[in-house]
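Understanding the architecture of this molecule
Listed here are the chains, written in short residue letters.
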Amino acid sequence: MKVFVYHTPELTPTDPMPACAVVIDVLRATTTISAVLASGAEAVQAFSNIDELMAVSDRWPSAKRLRAGERGGAKVEGCDFGNSPLEYTPERVKDCRLFLSTTNGTRALQRVETAPIVIGGALVNRRTVVDFLLDRQPETVYLVGSGWQGSFSLEDTVCAGSIVASLLAQTESKLVELAGNDETIAAVALYEQWRDRLVDLMAAASHGQRLLGLGCDADLKYCAREDILDVLPIQKEKGVLVKA
Ligand code: 3SL
């Protein structure tokens with residue numbers, strides 16, 4: 001297995017596609033997708049465009065449909081939810097399909113949607129991602145950070161580093177053997193520096209600052225927790241993620 005880290009969807013090569021793409025948006029899309037599926041939703045269908053989300057979800061039975069939209073961290077008017085993982089309790093989402101559009105995370109999913117395996121990774125479900133990779137042993141793995149509007153984000157890279165550090169801890173591999181690019185080595189260094197202070201890293205990150213400004217302190221704390229959800233979001237058809 002060779003693991004490549006890419007900081008943004010724009011930096012992620014698409015020809016050829018990797019055997020497995022892990023899309024990461026710690027703040028907050030892939031954390032939310034993991035929480036929604038852990039709460040018993042039937043699926044999460046991701047859209048980069050809100051109008052398309054509305055049009056497709058209109059054709060779904062209304063009792064089984066939930067709509068979530070986020071732009072700039074805030075909820076989009078006309079949607080049932082924003083993008084806080086804490087909103088998605090089993091009572092609210094069980095057996096429903098969540099139609100979701102966010103600023104960066106859903107664009108990242110779209111970037112790699114033609115890869116043979118696409119999964120959603122975050123700190124909250126890191127162990128499930130690592131177990132899946134160790135079990136399947138895909139030849140090439142891209143860890144795709146969602147970033148923020150084309151720029152690097154600390155929280156996605158630290159999560160990529162956390163995944164690689166955990167892979168190393170559970171195998172005989174050395175970092176130089178596992179790493180497909182320099183970004184992978186840098187991501188592990190970032191994680192080693194901050195692993196005991198992940199909430200502080202979230203708060204220092206530019207998007208963390210934006211969310212704190214919107215009063216999302218509890219979200220930051222939740223998104224910084226490792227291995228609390230035993231759920232692996234996996235793409236079953238383009239843009240549609242289900243619990244593996
Ligand atoms: O950019 C995204 O996809 C979102 O996760 C951003 S937010 O955390 O919901 O503001």
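Just so we're clear, the structure is a prediction, and the values are computed from it rather than from any experiment.

What counts as what
Residues numbered from 1 in each chain as written. Predicted model: local features only at pLDDT ≥ 70, side-chain atom pairs only at ≥ 80, totals over all residues. Heavy atoms only, no water. Near = heavy atom within 4 Å. Polar contact = N/O pair within 3.5 Å; in protein donor to acceptor, adjacent residues only side chain to side chain. Areas by Shrake-Rupley, 256 points an atom, 1.4 Å probe, with all protein chains shown as cover. Nonpolar A, V, L, I, M, F, W, Y, C, P; charged D, E, K, R; others polar. Salt bridge = Lys/Arg side-chain N within 4 Å of Asp/Glu carboxyl O. Helix = DSSP H or I, 4+ residues; strand = E, 2+ residues; numbered from the N terminus. Buried < 20%, exposed > 50% of the residue type's maximum accessible area, 1.4 Å probe, protein only. Contact = heavy atoms within 4.5 Å. Core = buried A, V, L, I, M, F, W, Y, C linked by side-chain atoms within 4.5 Å.

1. Some details on the site of the ligand
- Close to the ligand lie 14 residues; Arg28, Asn83, Thr102, Asn104 and Gly105 are nearest.
- The backbone of Ala29 places a nitrogen or oxygen atom 3.0 Å from an oxygen atom of the ligand.
- Relative to its unbound accessible surface of 290 Å², the ligand loses 100% to contact with the protein.
- Of the residues contributing to the shell around the ligand, the split by class is four nonpolar, seven polar and three charged.

2. Quick look at the pattern of salt bridges
- Taken as a whole and judged by the stated rule, the model has eight salt bridges.
- A salt bridge links Asp219 to Arg28, with the shortest nitrogen-to-oxygen separation between them at 2.8 Å. Of this pair, Asp219 sits in helix 11 (residues 217-223) while Arg28 sits in the loop between strand 2 (20-24) and helix 1 (29-38), and the two are 191 residues apart along the sequence. Like Arg28, Asp219 is buried.
- With a closest N to O distance of 2.5 Å, Arg67 and Asp58 form a salt bridge.
- Of the residues examined, Arg67 reaches a relative accessible area of 12% and is grouped as buried.
- In this structure Asp58 comes out as exposed when scored by relative accessible area, which is 52%.

3. Details of the environment of Arg97
- When you line up the elements, Arg97 lands in strand 6 (residues 97-101).
- Along the backbone, Arg97 and Glu113 are 16 residues apart, and their C-alpha atoms lie at a distance of 19 Å.
- Aside from chain neighbours lying at most four places away, what touches Arg97 is Glu42, Ala43, Gln45, Trp60, Lys64, Arg65, Leu66, Lys236 and Val240.
- There is a polar contact of 2.7 Å between the side chain of Arg97 and the side chain of Gln45.

4. Thoughts on the nonpolar core
- Core analysis: the largest hydrophobic core is formed by 43 residues, its most contacted members being Val22, Ile119, Leu143 and Ile163.
- Of the residues forming this core, the biggest block, eight residues, is contributed by helix 6 (residues 154-169).
- Once you skip the residues sitting within four places of it in the chain, Val22 turns out to touch Ile119, Gly121, Val129, Val141, Tyr142, Leu143, Val144 and Ile163.

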